[in-house]
Amino acid sequence: MSHTRTLAAFLARLDYTDLPQDVLARTEDLFLDWLGSALASQGAHPIPLFERYAAKMGPTAGPSIILVNGQHTSAYFAALVNAASSHLVEQDDLHNSSVLHPATVVFPAVLAAAQDLGKSGRELLLASVAGYEAGIRIGEFLGRSHYRLFHTTATVGTLAAAVAVGKLMNFDEEAFINLLGSAGTQAAGLWEFLRDAADSKQLHTAKAAADGLLAAYLTADGLTGARNILEGEQGMAAGMSSDARPPCLSDRLGSRWALLETSFKFHASCRHTHPAADALLALMQREQLQHDQIASVVTRVHQGAIDVLGRVTVPQSVHQAKFSMGTVLGLIAVHGKAGLPEFHQLALTDSRVSTFRDKVSMQLNAEVDGAYPQRWLGRVEVQTLDSRLFKAAIDSPKGDPDNSLSRAELEDKFRRLLAFAGALDSDRAGVLIGRVWALRDAADLNGLMECGDAC
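The rules we used
Residues numbered from 1 in each chain as written. Predicted model: local features only at pLDDT ≥ 70, side-chain atom pairs only at ≥ 80, totals over all residues. Heavy atoms only, no water. Domains from an automatic or database assignment. Contact = heavy atoms within 4.5 Å. Buried area = accessible area lost by both parts, 1.4 Å probe. Salt bridge = Lys/Arg side-chain N within 4 Å of Asp/Glu carboxyl O. Polar contact = N/O pair within 3.5 Å; in protein donor to acceptor, adjacent residues only side chain to side chain. Helix = DSSP H or I, 4+ residues; strand = E, 2+ residues; numbered from the N terminus. Nonpolar A, V, L, I, M, F, W, Y, C, P; charged D, E, K, R; others polar. 1 Å grid on protein atoms, 1.4 Å probe; cavity = no way out; pocket = protein on both sides within 12 Å on 5 of 7 lines; lining within 4 Å. Points joined across faces, edges and corners; volume = space filled by probe spheres on them. Patch = residues over 30% accessible without salt bridge, like charges linked within 9 Å, V, L, I, M, F, W, Y side chains within 5 Å. Areas by Shrake-Rupley, 256 points an atom, 1.4 Å probe, with all protein chains shown as cover. Buried < 20%, exposed > 50% of the residue type's maximum accessible area, 1.4 Å probe, protein only. Pairing = 2+ DSSP bridges. Axes fitted to C-alpha atoms, helices over the stretch in contact; angles between N-to-C directions. UniProt positions renumbered as here; feature names shortened; annotations may be inferred. Phe/Tyr/Trp six-rings, centres within 6.5 Å; stacked < 30°, edge-to-face > 60°. Core = buried A, V, L, I, M, F, W, Y, C linked by side-chain atoms within 4.5 Å.

So, the domain arrangement of the protein
Segmentation of the protein into domains returns domain 1 (3-264) and domain 2 (271-394). Relative placement of domain 1 and domain 2: their C-alpha centres are 30 Å apart. Between domain 1 and domain 2, the residue contacts involve 21 residues of the former and 20 residues of the latter. Surface buried jointly by domain 1 and domain 2 totals about 1,900 Å² across both partners, of which 59% is contributed by carbon and sulfur atoms. In terms of surface lost to domain 2, no three residues of domain 1 exceed N96, R144 and L194, which account for 31% of the buried area on that side. Taken together, the connections running from domain 1 to domain 2 amount to 1 salt bridge. Where R144 meets D369, a salt bridge forms, and the shortest distance between an N and an O atom there is 2.5 Å. Inspection of the domain 1/domain 2 interface yields 9 residue pairs in polar contact (both at pLDDT 80 or more). Those elements that place two or more of their residues in the side of domain 1 that touches domain 2 are α6 (121-149) and α9 (200-220). If you tally residues by element for the side of domain 1 that touches domain 2, the top one is α6, at 3 residues. Its residues assigned to classes, the side of domain 1 that touches domain 2 comprises 10 nonpolar, 5 polar and 6 charged.

Pasting the structure below:
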């Protein structure tokens, strides 16, 4: 367990003063992006189910806020609902090489616990960085084989959330070892739900954040966990991976800030669709093509895209449409964008989109697959009705670290997400944006969402 021990030691000694300014700023960026995703799910199925469950099983008052309804409850149930809501609209972040959505599991757990424990904005930022750094490395450790069957954000997300809350509680090295054991033994989440357009994806993140928080609170009270849950003979890698790489767990800790490698989502769909969507959009603009001039589109993709997107042929729900390569490219081709309004108003009802969907195919490509998961390349070939053939290549989809969203673009995305859900008006959205940009100066997080008539 040498690499697990090295990771635990790093997490225990990590201090706020160790964090570079670009890491702190990026964490604030990621937090705002997550907050917008959570609020954008207000009232959308299946989030009210989680709200009703929390109301029935949890306290009717407490220190931690449920973002979509403003109600207060325990940290556990706030983390549960907030994690479910922030993974619904498919606008939350993604780390490429770990294929992990860190925000939707780390921030719900750490915000709920910070409000419960009376922690400051700086403490929240430090704990969030710890959750990202650990979660990303554990995801990389479990490898591509893990992702083929397991939803990494569900499995690894449980440990990332646990680490974030454990850091908030100032765990030492031994406590982190026990914490990883108790979090890892709860890790679960399978991709089979995609075939049925089921709601399990939100349950995955809800349970990951809440169970991570559970593991941290119990560890703080003395619960022990498996000491070698990651590398052990009957641990996560043994049961959930065939290509695990233990050195990833301790990869350049303290010098490589993996959080900085996290991508923002531009399109409101599964990230596996984004490279091809960007490539198709660039090609159509370059060649001045209209959707009805196109006979076929071949997307050259990595195996992970086929494993996830290949399960969806004719989408039965808006959420399933976000995992349909043909539907996403149909929205791009017909409407020039694949945002929340397009998915909710057009993805299942516009016959031009469904017609285009049937023209799209995926083919495994050695170059694209070889670059994955470190890089998500976009390659498309378009055949026109008059037999012309065009190709386009995108190496860095919009939102990737080397093609990232600026703060102005993140603010615009945040406002659009809130406007879509009718969550807050522009003035109130501005108040929240200002509060997030000032997180490092916040004495506590209890009033983050509570600003009277201003919010």
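From this point on, the discussion continues.
Description of empty space enclosed by the protein
Taken as a whole and assessed by the stated rule, the structure comprises 3 cavities of 30 Å³ or more. By volume, the largest cavity is sized at about 90 Å³. Lining the largest cavity are 15 residues; nearest its centre among them are H101, Y147, W191, C270 and H272. Across the lining of the largest cavity, the residue classes tally to 7 nonpolar, 4 polar and 4 charged. Lining the second largest cavity we find H272, P275, A276, R300, V301, H302, M325, V368, L377, G378 and R379. Mapped onto the lining of the second largest cavity, the elements with two or more residues apiece are α11 (274-287), β5 (294-301) and β7 (378-384). The class makeup of the residues in the lining of the second largest cavity is 6 nonpolar, 3 polar and 2 charged.

Regarding a nonpolar patch on the surface
A surface patch of nonpolar side chains, about 210 Å² in accessible area, is lined by L214, L218 and L223. Note on placement: L214 falls in helix α9. On the basis of relative accessible area, L214 is assigned to the partly exposed category, the value being 31%.

With respect to the side chain of H101
Mapped onto the elements, H101 comes out in the loop between β3 (94-95) and α5 (103-117). Here H101 is in contact with H87, D92, D93, L94, T153 and K265, once residues within four sequence places are set aside.

So, the side chain of T104
Inspection of the secondary structure assignment puts T104 in helix α5. Separated by 2.8 Å, the side chains of T104 and S86 make a polar contact. Sequence-distant contacts of T104, that is, excluding residues within four places in its chain, are made with W34, A83, S86, H87, D92, T153 and T205.

Observations concerning the sheet that holds β7
Picture the strands of a sheet paired through backbone hydrogen bonds; they go either parallel or antiparallel. One open sheet holds the 4 strands; their spatial order is β6-β5-β7-β8, and the pairing between them is mixed. For this open sheet the edge positions go to β6 (360-364) and β8 (389-394), each flanked by a neighbour on one side alone. Between one strand and the next, the sheet's axes are offset by a mean angle of 20°, whatever the strand orientation. Seen against the sheet, α11 touches β5, β7 and β8 and runs at an angle of roughly 130° to β8.

As for the UniProt feature "domain: MmgE/PrpD C-terminal" (unreviewed entry) in the protein
The UniProt entry lists residues 267-430 under the feature "domain: MmgE/PrpD C-terminal" (unreviewed entry), expressed in the numbering used here. Secondary structure over residues 267-430 splits into 46% helix and 16% strand, and the C-alpha atoms at its two ends are 23 Å apart.

Describing the packing of aromatic side chains
For the coordinates displayed, the defined rule picks out 11 aromatic pairs. On the basis of an interplanar angle of 55° and a centroid distance of 6.0 Å, the ring pair of Y53 and F77 is categorised as tilted. On the criterion of sequence distance, the pair formed by Y53 in helix α3 (residues 47-57) and F77 in helix α4 (residues 75-85) is long-range, its members being 24 residues apart. Take Y53: its relative accessible area is 43%, and that puts it in the partly exposed class. Its relative accessible area of 11% is what places F77 among the buried residues. These aromatic residues form a ring-pair network of at least three members: F31, W34, F107 and Y132.

Let's talk about the nonpolar core
By size, the foremost hydrophobic cluster in this structure holds 145 residues, and its most contacted members are F31, L35, L124, I138, L280, V297 and L329. When residues of this core are sorted by domain, at least three fall in each of domain 1 (3-264) and domain 2 (271-394). In contact with L280, not counting residues within four places along its chain, are V297, L329, I332, A333, F356, V380 and V382.

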